[in-house]
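Now for the letters of each chain:
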Amino acid sequence: MQLSRRLSNLGVGLVPVLLALLFTTLILILVGAPPGKAYWNIIQGALESPNKWASVLTATVPLLLCSAGLLVTFAAGLWNIGVEGQIVAGALLTTWLALNLALPPILFIPLLLVAGLVGGALWGLLAGWLKVHGGVHEIFGGVGLNFIATVLTNYLIFGPWKPAGRATMSGTAPFPPQAWLPRLGSLPVYPIAVLLALMTIGLAHFALRGTTWGLKLKAIGNNQRSAFLMGIPTHRYMLGAFLLCGALAGLAGSIQAIGVRQRLIPGISAGYGFLALLVVLLAGYRPLWVIPIALFFAAVGVGSPRLELSLQLDSALGGTLEGIVVLFVLLAQGVRRRSASRRLAGTQSQSQAQAQAQEHKEAV
Amino acid sequence: MNAVLLIKTLASVVRGATPLVFAGIGEAITEKAGVINLSLDGTILLSTMTAFAVAYTTDSVILGFLAAMAVGTLMALIIAFGSITLRQDQVAIGFVLTLLGAELSSFLGNPFVRLKGPSVPHLPILYLADVPIIGAIFFNHNLVVYASYVLVILSWLYIFKTQPGLKLQGIGERPEAAFARGSNVNLMRYVYTAIGGALVGLAGASYSLSIKLGWSHRHTAGNGWIALAIVIFGGWHPLRVAFGAYLFGGLRSLSSIFQRVAPGIPSQFFNGAPFALMIVALLLVSSGWLDRLLIYLPTRVRRVIHDALLGTPPAGLGRVFVKE
């Protein structure tokens with residue numbers, strides 16, 4: 001019984017995904033591209049070799065870290081769009097230390113990761129301060145800070161941190177090797193990063209589910225005013241949520257800088273923050289669902305650049321597909337809720353009518 | 001000589017702010033009705049691309065504008081359907097559409113990058129363009145710019161001076177009361193969301209066909225967010241929204257002038273300036289600091305400044321109306 005219900009739930013859940021695929025296929029037909037080949041290219045581009053598998057895992061890391069943070073801010077009812085800039089801020093502080101210090105790796109790498117945590121936390125706290133004490137909605141504060149972080153990065157890359165010789169779009173000079181995050185053999189995957197990412201998702205799951213801290217945060221998210229009246233220091237909790245989310249995003253930025261790129265490049269955040277927002281929305285704010293969805297998004301992201309080489313299509317198809325899936329899933333949730341409430345209303349009026357008929361009979 | 005330059009700069013400010021005026025007023029109308037269309041940045045990108053692609057393939061600027069307005073309307077209707085009919089989170093759907101619009105514009109616009117296409121012809125208004133100073137600033141542009149003036153005045157008249165306009169305010173401020181007085185709240189919200197969306201589409205078209213010609217990846221990225229911020233800064237009032245758009249445009253060209261005057265300052269600071277400004281502007285109108293400062297002024301002056309700078313959002317903004 002329960003299994004069959006679960007299966008049918010899964011079936012219902014797949015409908016919007018299939019519709020989204022259909023819609024994307026229509027777009028491909030519209031631009032005159034072969035849909036089957038396009039999808040096959042994405043799949044191949046993501047999964048054809050161990051190297052690609054490793055890249056997918058590596059792309060999953062920032063998504064998981066940011067999603068873990070966003071689960072916290074969403075629990076408190078906050079739309080932390082600034083997560084993108086918080087990634088950048090983490091990368092910036094990491095870069096500053098990586099370019100100016102020289103320590104043995106055993107000390108250097110943890111220090112650089114902590115620098116990422118701190119940088120992101122500060123940037124997140126700034127958005128939080130604007131929200132809590134300045135009355136600026138976190139969406140606008142966040143968007144503004146995102147742009148400022150990008151501009152700051154470009155300034156540093158073309159100014160104080162430009163490599164010897166000539167500043168270019170390819171970024172700062174590479175960091176010294178003792179700052180590099182260790183790989184798994186020759187594969188482009190970083191075991192420490194994967195471990196950290198999985199741990200944070202697990203922590204987010206337990207913290208939001210099984211602690212009073214999580215409960216209070218959710219209380220604020222549901223109704224800030226009544227939470228305040230219940231004696232929860234709402235401002236402190238909200239600032240804490242921003243700080244935590246910023247720190248995790250900053251850690252993601254740090255890993256991008258000392259792992260994936262081994263330098264600071266313009267656009268170091270690569271849209272991972274925005275994508276993580278989509279991941280969490282698609283997961284319906286459930287931590288454990290975040291993991292498979294992040295893997296899927298990462299695979300699409302790693303696979304779609306192949307489209308440019310083999311089909312001369314823009315790789316934005318991947319992002320388009322992801323956006324459409326999330327949109328359709330959100331709409332489908334609404335449809336389901338609507339029909340459920342209709343059914344409820346229907347049975348209610350039916351039982352009312354029965355009761356009335358009963359009364360009528362008794363009266364007669 | 002300097003006066004000529006000043007007039008030229010002011011004229012370019014007026015011209016350059018046109019899309020922000022369209023988008024800001026469109027969003028203000030939508031929000032007045034109680035719906036937030038957060039998708040502006042993506043919608044503008046997608047409609048900018050659509051306008052250029054359609055105008056380029058059909059060689060008709062008018063078709064480009066119409067197509068862009070259709071795209072804007074469609075995006076807005078998705079938000080209306082998702083939030084009003086399906087009662088999903090407006091902000092979530094708006095955010096998804098922001099990203100989706102941007103990605104789709106990159107994907108579909110790929111073949112149209114950096115092409116030269118048709119544009120709206122320059123058209124000084126007879127007689128008016130010859131009026132000293134004012135003529136050169138306001139009446140030496142094209143039809144799109146003039147349309148924005150008309151829109152500012154018409155939307156202000158409509159919202160504040162007509163019966164349907166008062167009803168529009170009613171469904172955004174107190175939907176329950178408006179419903180009790182016979183307004184079909186949700187239908188009207190659909191309509192005003194669609195109208196606002198069409199104006200946002202118009203904003204997009206006026207980028208690629210008049211202000212920032214052509215199409216490139218992320219051609220207008222960021223401007224949608226600025227338009228959204230201007231609506232708040234402008235207190236949901238068409239005249240003040242337009243003022244905000246011009247102020248923003250003005251400060252932007254001011255920074256480009258500074259850039260010429262003081263080449264020592266890195267150009268990135270000026271690229272970041274609009275967004276720093278956005279935060280500061282919102283801080284100014286939302287934090288209550290201004291109110292605290294105003295206490296030191298005489299009452300009459302205080303009221304004037306207060307009315308000119310501060311506004312409150314429609315009380316029913318973002319709240320779903322459910323008929324009992």
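Rules used in this analysis
- Residues numbered from 1 in each chain as written.
- Chains lettered and ligands numbered in written order.
- Predicted model: local features only at pLDDT ≥ 70, side-chain atom pairs only at ≥ 80, totals over all residues.
- Helix = DSSP H or I, 4+ residues; strand = E, 2+ residues; numbered from the N terminus.
- Rg over C-alpha atoms; globule rule 2.2 N^0.38 Å.
- Buried ≥ 20, exposed ≤ 12 C-beta atoms within 10 Å, placed from the backbone.
- Contact = placed C-beta atoms within 7 Å.
- Core = buried A, V, L, I, M, F, W, Y, C linked by C-beta atoms within 7 Å.
- Nonpolar A, V, L, I, M, F, W, Y, C, P; charged D, E, K, R; others polar.
- Axes fitted to C-alpha atoms, helices over the stretch in contact; angles between N-to-C directions.
- Left-handed = near helix turned anticlockwise from the far one by under 90°.
- pLDDT = per-residue confidence, 0-100.
- Expected span 1.5 Å × (residues − 1).
- Arc of directions from axis to C-beta.
- Parallel < 35°, antiparallel > 145°, perpendicular 65-115°, else oblique.

The next point concerns the overall build of chain B. From N to C terminus, chain B includes 15 helices and 0 strands. Whereas a compact globule of 324 residues would reach a radius of gyration of roughly 20 Å, chain B reaches 20 Å, a difference of no more than 12%. Its C-alpha atoms give chain B principal-axis dimensions of about 65 × 55 × 45 Å. Residues counted as buried form 48% of the 324 residues belonging to chain B. Here the contacts in chain B between residues at least 6 apart in sequence split such that 79% fall between residues at least 24 apart.

Here the focus is the overall build of chain A. Scanning chain A from terminus to terminus reveals 14 helices and 0 strands. The order of helices and strands in chain A, counted from the N terminus, is α-α-α-α-α-α-α-α-α-α-α-α-α-α. Principal-axis analysis of the C-alpha atoms gives chain A an extent of 100 × 60 × 35 Å. Scored against the burial criterion, the 364 residues of chain A give a buried share of 50%. Counting only contacts in chain A whose residues sit at least 6 apart along the sequence, the fraction spanning at least 24 positions is 78%.

Ranked by internal contacts, the top residues of the largest apolar core, which has 208 residues, are Cys66(A), Val279(A), Val96(B) and Ala229(B). Those residues in contact with Cys66(A), other than ones at most four positions away along the chain, are Val83(A), Ile87(A), Leu248(A), Ala249(A), Ala252(A), Tyr272(A), Gly273(A) and Ala276(A).

On to unusual backbone geometry. Positive phi, normally seen in glycine, also occurs at Gln262(A), with a value near 55 degrees. By the element assignment, Gln262(A) lies in the loop between α10 (234–261) and α11 (272–282).

The next point concerns the interface of chain A and chain B. Each side of the interface is counted separately: chain A has 36 residues, and chain B has 34 residues. Going through the elements one at a time, α5 (105–134), α6 (138–158), α11 and α14 (316–363) of chain A are the ones with two or more residues in the side of chain A that touches chain B. Split by residue class, the side of chain A that touches chain B holds 22 nonpolar, 11 polar and 3 charged.

A separate point is the packing of helix α4 (residues 61–85) of chain B against helix α10 (residues 185–211) of chain B. Two elements in contact, α4(B) and α10(B), have axes separated by 6 Å at closest approach and are oriented at 145 degrees. Crossing handedness for the pair α4(B) and α10(B): right-handed.

This part covers the confidence of the model for chain B. Mean pLDDT over chain B: 90, with 99% of residues reaching 70 or higher. Reported for the predicted complex are a pTM of 0.92 and an ipTM of 0.91.

Next up on the list: the environment of Ala11(B). Residue and element names in this part refer to chain B. On the secondary structure map, Ala11 appears in helix α1 (residues 2–16). Exposure remark for Ala11: the 18 C-beta atoms within 10 Å place this residue in the partly exposed category. Ala11 sits 126 residues away from Ile137 along the chain, and the two C-alpha atoms are 4.1 Å apart. Beyond its immediate sequence surroundings of up to four residues, Ala11 is in contact with Ala136, Ile137 and Asn140.

On to the environment of Leu254(B), then. All names here are of chain B. By the element assignment, Leu254 lies in helix α12 (residues 238–261). Using a count of 14 C-beta atoms within 10 Å as the deciding quantity, one classes Leu254 as partly exposed. Sequence separation between Leu254 and Val13 is 241 residues; the distance between their C-alpha atoms is 9.3 Å.

Looking now at helix α2 (residues 35–47) of chain A. All names here are of chain A. Taking 1.5 Å as the rise per residue, α2 with 13 residues should run 18 Å; its terminal C-alpha atoms sit 18 Å apart, in good agreement. Within α2 the residues assigned to the buried category are Ala38, Asn41, Ile42, Gly45 and Ala46. Viewed along the axis of α2, the buried residues span an arc of 120 degrees, placing them on a single side of the element.

It is worth spelling out the packing of α11(A) against helix α12 (residues 287–303) of chain A at this point. Residue and element names in this part refer to chain A. At a closest axis distance of 9 Å, the pairing of α11 and α12 adopts a crossing angle of 135 degrees. By the angle class used here, α11 and α12 are oblique. When you trace α11 past α12, the crossing you get is right-handed. Of the residues in α12, those in contact with Leu275, Val279, Val280 and Leu282 of α11 are Val290, Ile293, Ala294 and Phe297. When grouped by side-chain class, the residues that make up the contact of α11 with α12 number 8 nonpolar, no polar and no charged.

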